[in-house]
Each structure stands twice: as C-alpha cells, then as structure tokens.
Amino acid sequence: MKKRRLGRSDLYVTELGLGCMSIGTDEKAAQEIIEAALEEGINYFDTADLYDFGVNEEIVGKTLKSVREKVIIATKVGNRWKPDHSGWTWDPSKVYIKEAVKNSLKRLGTDYIDLYQLHGGTIDDPIDETIEAFEELVSEGVIRYYGISSIRPNVIREYVETSHIVSVMMQYSILDCRPEEEALPLLAEHGVGVVTRGPLAKGLLSDKLLNKASGKGYLDYSLDELSEVLPHLKEKVGAGRSFTEVALQYNLAHPAVASVVAGASRVEQIRSNAAAVRSQPLTDEEVAVIKELTKGSVYLEHR
C-alpha cells in the first residue's frame, strides 16, 4: 500500500489508516481486524484514551507489540473520564496531558507514541499551556510528534500559527466538504498533514447508499436531497466501481491529505477499504463532477 509523508514529519503513513474506535472489546475479534489491516499493508493505527475506557489502547498495543517498530501508533488526549464513567470532561491542561500520556503508554505497552493528538479543542483553551505540554513530551522522547483532532477553523489556525503540529485530523467526505473552504488550503500552505475521518459518511457513501440514511438526513442534507444526490453520484462517477472506492479516492485526491482513516468492525470491511484505496484514483474531471453534484460547489464559489 502506498505511503504519504505526514506533514513535515518523518512519519510515512499508509494512504489508508485503521480507526480503531469500532473494533470492539472482544479481544479475539479485535485482534483479527488489526491483523487483517497489517496483512493489507496498513501501518497507521489511530486510537484514543477515551475509547472503551482505555481498553481500546490496551488491545491495539498488545496486538501491535510484535511489529511495534514497523507501525505508527496515534492516540489522543484531552477528554477526561469521570470517576464513575458516567461521562467525561474536557481538560487540555499541561498537568493532565503529562499525566494522561503515562497511562496511555502503559496501556499501549510502549515507551513512545508516534503521534499524540489533542482530542478536540476550543479557542478558549489555555493553548500556550497545551502546546508547552506537547513540546516537553517531544523533548523528553515520550512522543515523536503531536497534532490536533479538530474541524474548527479558528482552533486549527491558532495551532498552525503558534505550534509545531505536524497533522490535523478532521471529518471530511463527499458529503462534508467544510474543510475545503479554509482548513485544507491553510494546512497545505503550511505543510501540515491532514488525516481524514468519516470518509464514508456513516455508510451513506458505501454501496448501501440510502439504506444507511436516517429520517434526519446527514448534516445539512435533507433526506430528500440525499435521495436525489446519491443516485446521481452513483450514475455519474460510481458506474463500474464500488462507491467505497469513489468516497475514499475523493479524500485522497486532495493534495493536503496524507491518510484516510476508516473504522472497521469486521475483517471484511478492512479488505474492502484496502481494495478501494488501491483502486484507480479519480480524475480531475470526476472530482469536478462530484463537486457539481454536491454542496462542495457552494464552497468553491466563495474561494
């Protein structure tokens, strides 16, 4: 599987990464999914201390232990579980980050994290303090690089201007082109890599199409709009190939994107996603057609 450089770091991530949130807590089943990803050549695994109260990190670390030097492990910090696990609070403080990383390292069974990401963020956070925590962890050799997971342009802009982030993880798909308005151009200009999540828009951009639609539609698409747009996309761009291919290749077509992180709860999904990433890239004409048929064209008019 092809690899791309993540921003200005020396991390080369596969075009498809595994989003580990949906692998579940059945250790055997989860290990099979991760092992299938390794068989497909995937080297980028994304987890978070929030997932399954840390159990996700434990399973990921245990399964990848034998190939630790060959893979890139990314995890996240900032969401703090309440003692009774009834919910979580947001804590981007330096004290918490430096304490939380110790717990993630222990659960992952490793002495370093390749990419440590702030799991959200607002413009009202103590951003200087947060950055200081990450910078110290880099200097201590505990983490190799750091980034943020955010779709907020003002937060992204602040970190681009004041920190050494190498990546931003954000939701991006054919049906969610918000990053095209400001975030992707900004990150491309500053050499910050983009890792995208939600490329299949909760299954709407898979071959199941409207079978995955809810009565509320998706983001600012009503159900009626989806009923019109999705079949047109399938006819104009998806003929002769799976729609999963179209969806993943659309993300990879943007020069700012380093890797598309897709979740999987079954081995078959890994195989399908890997095949989609290895398929023929979209042509410029196909990308243009997609933008014309979706609300991505709205953003293009205001660039």
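Shown above is the structure to which this text applies.
Now for a quick tour of the structure. (Residues numbered from 1 in each chain as written. Predicted model: local features only at pLDDT ≥ 70, side-chain atom pairs only at ≥ 80, totals over all residues. Heavy atoms only, no water.)

1. Remarks on the packing of aromatic side chains
Line of reasoning, step 1. For the structure shown, the criterion picks out 3 aromatic pairs.
Line of reasoning, step 2. Judged by centre distance (5.1 Å) and plane angle (5°), the ring pair of F134 and Y146 falls under stacked. Separated by 12 residues along the polypeptide, F134 in helix 4 (residues 127–139) and Y146 in strand 9 (residues 143–149) bring together distant segments of the chain.
Line of reasoning, step 3. Through successive ring pairs, a cluster of aromatic residues spans Y116, F134 and Y146. (Phe/Tyr/Trp six-rings, centres within 6.5 Å; stacked < 30°, edge-to-face > 60°. Helix = DSSP H or I, 4+ residues; strand = E, 2+ residues; numbered from the N terminus.)

2. Re the packing of helix 2 (residues 55–64) against helix 3 (residues 94–108)
Line of reasoning, step 1. At a closest axis distance of 7 Å, the pairing of helix 2 and helix 3 adopts a crossing angle of 45°. When the axis of helix 2 is compared with that of helix 3, the two are oblique. The segment helix 2 lies against helix 3, with E57, E58, V60 and G61 engaging S104, R107 and L108.
Line of reasoning, step 2. For the contact of helix 2 with helix 3, the per-class residue count stands at 2 nonpolar, 2 polar and 3 charged. (Axes fitted to C-alpha atoms, helices over the stretch in contact; angles between N-to-C directions. Parallel < 35°, antiparallel > 145°, perpendicular 65-115°, else oblique. Contact = heavy atoms within 4.5 Å. Nonpolar A, V, L, I, M, F, W, Y, C, P; charged D, E, K, R; others polar.)

3. Things to note about the pairing of strand 12 (residues 257–263)
Line of reasoning, step 1. For strand 12, a buried count of 6 out of 7 residues is recorded, marking the element as mostly surrounded by other parts of the structure.
Line of reasoning, step 2. Two elements, strand 3 (residues 16–19) and strand 12, share 4 bridges in a ladder whose sense is parallel. Considered in strand 12, the bridge of G19 is made with G263.
Line of reasoning, step 3. Pairing of strand 11 (residues 193–197) with strand 12, which is carried by 3 bridges, proceeds in the parallel orientation. (Buried < 20%, exposed > 50% of the residue type's maximum accessible area, 1.4 Å probe, protein only. Pairing = 2+ DSSP bridges.)

4. Here's the deal with the sheet that holds strand 3
Through backbone hydrogen bonds, the strands of a sheet pair up, either in parallel or in antiparallel fashion.
Line of reasoning, step 1. Taken in spatial order, the 8 strands of this closed barrel run 3-4-5-8-9-10-11-12, and their pairing is parallel. Between one strand axis and the next, the sheet turns through 30° on average, direction left out of account.
Line of reasoning, step 2. With 4 bridges connecting them, strand 5 (residues 72–77) and strand 8 (residues 113–118) associate as parallel partners. Residue pairing in the sheet places T75 in a bridge with Y116 of strand 8.
Line of reasoning, step 3. Sheet strands touched by helix 5 (residues 153–162): strand 8, strand 9 and strand 10 (167–171). Its angle to strand 9, the strand with the most contacts, is close to 150°.
Line of reasoning, step 4. Here helix 8 (residues 243–252) sits on the sheet in contact with strand 11 and strand 12, set at roughly 150° to strand 12.

What is shown is where atoms sit, not what they do.
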